[in-house]
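Structural characterization, general
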Amino acid sequence: MPSFFKAPISKQFSSHFGPKVSLRLAYLPDKPAITVLDAYHGPGEIWDEIKKRRPDLDIAVVGIDAKPLRQPCLKGNNIKYLRTLDLAAFDVIDLDAYGCPFAQMQILFERGFPGRVFATYIKLEAGALSHGLLIANGYSHAMIKTCPTLVMQNPLGLLKNYLALNGVARIAYFSFDGARKTYLTYQKGTTQKPTGPQPPQTVFCPKTAPKRKSQQ
Ligand SMILES: C[S@@+](CC[C@H](N)C(=O)[O-])C[C@H]1O[C@@H](n2cnc3c(N)ncnc32)[C@H](O)[C@@H]1O
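Cut-offs and rules
- Residues numbered from 1 in each chain as written.
- Predicted model: local features only at pLDDT ≥ 70, side-chain atom pairs only at ≥ 80, totals over all residues.
- Helix = DSSP H or I, 4+ residues; strand = E, 2+ residues; numbered from the N terminus.
- Buried ≥ 20, exposed ≤ 12 C-beta atoms within 10 Å, placed from the backbone.
- Contact = placed C-beta atoms within 7 Å.
- Axes fitted to C-alpha atoms, helices over the stretch in contact; angles between N-to-C directions.
- Parallel < 35°, antiparallel > 145°, perpendicular 65-115°, else oblique.
- Left-handed = near helix turned anticlockwise from the far one by under 90°.
- pLDDT = per-residue confidence, 0-100.
- Near = placed C-beta within 6 Å.
- Nonpolar A, V, L, I, M, F, W, Y, C, P; charged D, E, K, R; others polar.
- Arc of directions from axis to C-beta.

Comments concerning the overall build of the protein chain
- In terms of regular secondary structure, the protein chain is built from eight helices and eight strands.
- Sorting the 216 residues of the protein chain into buried and exposed places 34% on the buried side.
- Look at the contacts in the protein chain between residues 6 or more apart in sequence, and 68% of them connect residues 24 or more apart.

Here is the structure:
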C-alpha cells in the first residue's frame with residue numbers, strides 16, 4: 001500500500017483520512033499564508049494535520065458546522081454562509097461532505113469563487129445523488145423518476161461533466177468503492193501542478209457539454 005494511503009495519525013473522524021490529507025497537501029496554493037473556509041468542519045482533523053505537516057506555512061482556518069462543536073466555528077447550514085460570506089477572503093474552500101455537496105459547489109460557481117476547492121463526493125447507499133447534478137447532466141425529472149439507478153450509475157462521470165460545464169478543465173482525485181466515494185480537488189481556470197510529494201490521480205474534464213438526454 002502506498003504510504004499516502006496510510007492514515008498519518010490514529011484519530012480518524014473522517015473516513016479515508018490519509019488520502020484526504022495527501023490530496024490537500026499535494027494541491028495547497030503555492031503561497032506562504034493560506035486562508036481556508038472549512039465548510040464541513042467537524043473536529044477539524046484534516047486541517048490540523050495539514051498544519052502539522054506544513055509548519056512553514058501560515059494556515060488560517062474558518063470553520064462552519066451544522067452541529068454544535070467544542071471548536072470555535074460558525075454554526076449552521078454552510079449554504080447560508082457560502083451565499084453571504086465574502087468568498088474573496090479565502091484561498092481554499094473545503095467541502096468534506098458526507099454525501100454530494102452539489103448545492104455548495106453550485107453556489108461557488110454562481111458566486112465566481114476563483115480559489116481552490118477540495119471536496120468529498122459520495123453516492124450514498126440509498127442511491128441519492130443531487131437531482132441538480134442529474135439535471136445539469138441533461139436528464140429530465142421524468143427520467144430521474146423512472147430509472148434512478150440507470151441515471152446514477154456513473155457518479156464520477158456525472159461530476160466530471162458538471163464541473164466541465166462550469167469551466168473546470170482538470171480535477172485530481174482519489175476514488176474508492178467503484179467510484180462511489182471520490183475525494184477531489186479543482187480550481188477553475190488553472191492547471192496548477194501539484195506542489196506536494198504524492199500527486200494523486202488526475203484527469204482532464206471533457207470539453208463539451210453533454211447533450212440533453214431526453215432529446216437523444
Ligand atoms: C465528514 S465530517 C467533517 C470532518 C472534518 N473535515 C475534519 O477534518 O475533521 C462532516 C461534518 O459536516 C457537518 N455538516 C454536514 N452537513 C452540513 C451542512 N449542510 N452545513 C454545515 N455542516 C454540515 C457535520 O455535522 C460533520 O461535522
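Quick look at the packing of helix H1 (residues 17-26) against helix H2 (residues 45-53)
- Relative to each other, H1 and H2 sit at 55°, their axes nearing to 10 Å. The pairing of H1 with H2 is recorded here as oblique in orientation. As for the relative orientation of H1 and H2, their crossing is right-handed in sense. Residues Phe17, Lys20, Val21, Arg24 and Leu25 of H1 touch H2, and the partners they reach there are Glu45, Ile46, Glu49, Ile50 and Arg53.

Brief notes about the confidence of the model for the protein chain
- Mean pLDDT over the protein chain works out to 84, with 80% of the residues at or above the 70 mark.
- Segment residues 1-11 is flagged for pLDDT under 50; beyond a separation of four residues in sequence, or across chains, it makes 16 contacts in the model.

Brief notes about helix H8 (residues 155-165)
- Among the residues of H8, Pro155, Leu158, Leu159, Lys160, Asn161, Tyr162 and Leu163 are the ones counted as buried.
- Directly after H8, the chain includes Gly167, whose backbone phi takes a positive value near 90°.

A closer look at the site of the ligand
- Around the ligand, the surrounding shell holds 17 residues, and the nearest of these are Tyr40, Gly42, Ile46, Asn78 and Asp96.
- Of all the secondary structure elements, the ones that give two or more residues to the shell around the ligand are H2 and strand E2 (58-65).
- The residue makeup of the shell around the ligand, split by class, is seven nonpolar, six polar and four charged.

Description of H2
- Looking at H2, one finds that the buried residues are Ile46, Trp47 and Glu49. The buried residues of H2 all sit within an arc of 155° when viewed along its axis, so they share a single face.
- If you follow the buried residues of H2, they end up packed against H1, strand E1 (33-38) and E2.

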